[in-house]
Amino acid sequence: MKTKPRLCVFLSLVFLTGTPLCAPASDVDNVKEFRARVEEYAMLHRSVEGKLPALPQQATPDQIAAHQQGLAEALRTARSKAKRGDVFSKAQDYFRRAIAAELKGKAGLTARQTIQEGNPTNEASGGPMILSVNAGYPPEASLSAMPPPLLLRLPPLPDELNYRFVGRHLILHDTHANMIVDFILNVAP
Amino acid sequence: MRKRLDEMPRCFVVLLLFLASLPCFAQKQLSLPNKPDSLRFAVMGDTGTGGKTQYDVARQMAQWRTKFPFEFVLMLGDNLYGGGSPRDYEQKFETPYKPLMDAGVKFYASLGNHDDANQRFYKNFNMNGERYYTFRPKPGIRFFALDSNYMDRAQLAWLQEQLRSSGSEWKIFYFHHPLYSSGGRHGSDEQLRAVLEPLFVEFGVSVVFSGHDHFYERIKPQKGIYYFVSGAGGQLRRGNIRTTDLTAKGFDQDNHFMILEIAGDEMYFQTISRTGTTLDSGVIQRPKEDSKDVSNKATLK
């Protein structure tokens, strides 16, 4: 008799707080570390971009191209030793589970369709994409749509970065430099 | 006794020829009222191919502007396909629309899935460095451009705040991915619809323009809101409109653009093909400010 009320309270708390029943306690720490590394990247980005001529809000195409190229080159130099996992770090499992929760099964059908929209592996625009840290995102490649519920679930990013899918892989895309900052392979079901 | 054409009175022949040409002639007529002090604008989507059809549509726009002097153009994304080099800007935007820009027409762009986010800094897209923005060209009329590629919490928070403070004026949205579409290749973006439609309904949005599907479709009003798919300003996917209950009017055989006029509580629209033929037209009536009708939504006349 006493077990039932305790179970009800426990389940209610789980439901109200949104805490997944089977989430490892380390998720909080791993996501915290991910956010710290994202912030570190954002600071580096801003520091590097601050040394370039400012891009006006009413820029010409030449100014846009020069700024993007200069920023990408400077970032590659600044993080020349960067490798896969440097930003996602131990949060990769968290991302896999969070994305699986949104995309799997019947309930996830619409989300799976969404990430196929504009996914460069589905668009006939140039050759296959090669994922590599610091590599440029091909200018002729389209950008995958991101399911809004998934964006609301994942840790927020600063303006300089977006989550995108390339095939089933999740990338961190620097939108100013048009560059791949980090990626996790085979994360979408 | 039958008379040959050359035996008929000349005025009768002229009249016959005139009557025979009348439907074609009427289809190239302006059906917008061109009222004084109205707001006039154009809409185009998925334009940036740099190909012949984009240039054809651009020429039509310039021609129609001589009889309907629209002030600005809304761009529904995929403004530049295949990259964002200076050459791309030149070939896929500056050259085809030069006559319009030279005449002082402004372009207000939104971002598509083929667009580099840095387009928001391009002076002629008037995005002022923002992925999403709003502007008010005339009192009582507000436009909102969204980045439908990346509907994150920051954009949603901004959107809610803007809608809350915008009052009872015309609220017109434009962004790339359609919430409603009968497209076989893409179709309705249901995930985006789930987050945006409740806000649109709550705050009395009247009209939404989107591209992404490469044809023209006027959607039957959904919860009182009018949706247009206008994604064939340069691109085209022939035969891509599926038969659904959504379509009020559809056209997927050629490129097109739209011209619109807002006068008071009425929005007139006319959709024109690459060859100058009218594909669709009508007027959307916005409910009066003091209407207490619970279904206080726009209606098509």
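Residues numbered from 1 in each chain as written. Chains lettered and ligands numbered in written order. Predicted model: local features only at pLDDT ≥ 70, side-chain atom pairs only at ≥ 80, totals over all residues.

(A) Inspection of the overall build of chain A at higher detail. Each helix and strand in chain A was counted, giving six helices and three strands. Beginning at the N terminus, the succession of helices and strands in chain A can be written as α-α-α-α-α-α-β-β-β. Taking the intrachain contacts of chain A between residues at least 6 apart in sequence as the baseline, contacts between residues at least 24 apart amount to 63%. (Helix = DSSP H or I, 4+ residues; strand = E, 2+ residues; numbered from the N terminus. Contact = placed C-beta atoms within 7 Å.)

(B) The packing of helix α2 (residues 26–50) of chain A against helix α3 (residues 61–78) of chain A, seen in detail. Residue and element names in this part refer to chain A. It is the contact of α2 with α3, at a shortest axis distance of 10 Å, that shows an interaxial angle of 125 degrees. Classified by the angle between their axes, α2 and α3 sit oblique to one another. The two elements α2 and α3 meet at a crossing, and its hand is right-handed. Only Leu71, Ala74, Leu75 and Ala78 of α3 make contact with α2, whose side of the interface consists of Leu44, His45, Val48 and Glu49. Classifying every residue of the contact of α2 with α3 gives six nonpolar, one polar and one charged. (Axes fitted to C-alpha atoms, helices over the stretch in contact; angles between N-to-C directions. Parallel < 35°, antiparallel > 145°, perpendicular 65-115°, else oblique. Left-handed = near helix turned anticlockwise from the far one by under 90°. Nonpolar A, V, L, I, M, F, W, Y, C, P; charged D, E, K, R; others polar.)

(C) Structural detail: the sheet that holds strand β8 (residues 216–219) of chain B. Residues and elements named next belong to chain B. If you walk across this open sheet you meet the seven strands as β4-β5-β6-β7-β9-β8-β10, and the pairing is mixed. Strands with a single pairing partner mark the edges of an open sheet, and in this sheet they are β4 (133–138) and β10 (247–251). The average angle at which neighbouring strand axes cross in this sheet is 15 degrees, direction not considered. Taken together, the four bridges between strand β7 (residues 207–210) and strand β9 (residues 226–230) define a ladder with parallel strand orientation. Within the sheet, the bridge partner assigned to serine 210 lies in β9 and is valine 229. (Pairing = 2+ DSSP bridges.)

(D) Expanded view of unusual backbone geometry. Located in the positive-phi region is A:Asn186, a residue other than glycine, with phi close to 50 degrees. Locating A:Asn186 in the fold gives a position in the segment after β3 (179–184). Located in the positive-phi region is B:Asp37, a residue other than glycine, with phi close to 65 degrees. Classification of B:Asp37 as exposed rests on a count of 7 C-beta atoms within 10 Å. (Buried ≥ 20, exposed ≤ 12 C-beta atoms within 10 Å, placed from the backbone.)

(E) Representation of the interface of chain A and chain B within the structure. Contacts between chain A and chain B engage 32 residues on the former and 27 residues on the latter. With five residues, the top contributor of residues to the side of chain A that touches chain B is α3(A).

(F) The environment of B:Ser166, seen in detail. All names here are of chain B. Its place among the elements puts serine 166 in the loop between α5 (153–164) and β6 (170–175). On the basis of neighbour count, serine 166 is assigned to the partly exposed category, with 17 C-beta atoms found within 10 Å. Separated by 26 residues in sequence, serine 166 and glycine 140 have C-alpha atoms that sit 9.2 Å apart.

(G) Up close: the environment of B:Ser206. You can see B:Ser206 is positioned in the loop between α6 (190–202) and β7. B:Ser206 sits 90 residues away from B:Asp116 along the chain, and the two C-alpha atoms are 29 Å apart.

(H) Molecular detail of the pairing of strand β1 (residues 161–166) of chain A. Residue and element names in this part refer to chain A. Along β1, five of the six residues are buried, which leaves the element largely enclosed by surrounding structure. Where β1 and strand β2 (residues 169–174) come together, six bridges link them in antiparallel fashion. Its bridge partner lying in β2, phenylalanine 165 is registered against leucine 170. The hairpin turn running from β1 into β2, its antiparallel successor, is two residues long, and glycine 167 in that turn takes a positive phi close to 60 degrees.

(I) Region of interest: the confidence of the model for chain B. Residue and element names in this part refer to chain B. In this model, chain B carries an average pLDDT of 91, and 87% of its residues clear a pLDDT of 70 or more. Predicted confidence is poor over residues 290–296, with pLDDT under 50, and the contacts of this stretch with residues over four places away or in other chains come to four contacts. Across the assembled chains, the prediction reports ipTM 0.85 with pTM 0.88. (pLDDT = per-residue confidence, 0-100.)

(J) Broad picture of the nonpolar core. Among the nonpolar cores identified, the biggest contains 111 residues, and B:Ala42, B:Val43 and B:Leu260 are the most heavily contacted of them. Apart from the residues within four sequence positions on either side, B:Leu260 is in contact with B:Phe41, B:Val43, B:Met267, B:Tyr268 and B:Phe269. (Core = buried A, V, L, I, M, F, W, Y, C linked by C-beta atoms within 7 Å.)

(K) Molecular detail of the sheet that holds β2(A). Residues and elements named next belong to chain A. Spatial ordering of the open sheet is given by β1-β2-β3, a layout of three strands whose pairing is antiparallel. This sheet does not close on itself; its edge strands, each paired only once, are β1 and β3. Averaged over all pairs of adjacent strands, the angle between strand axes in this sheet comes to 30 degrees, irrespective of strand direction.

(L) Layout of helix α4 (residues 92–103) of chain A. Residue and element names in this part refer to chain A. The first and last C-alpha atoms of α4 sit 16 Å apart over twelve residues, in line with the 16 Å expected at 1.5 Å per residue. For α4, the full list of buried residues reads Tyr94, Ala98, Ile99, Glu102 and Leu103. Take α4 and look down its axis: the buried residues cluster within an arc of 145 degrees, on one side only. On its buried side, α4 packs onto α2, α5 (109–116), α6 (148–153) and β2. Within two residues after α4, glycine 105 carries a phi angle of roughly 70 degrees, on the positive side. (Expected span 1.5 Å × (residues − 1). Arc of directions from axis to C-beta.)

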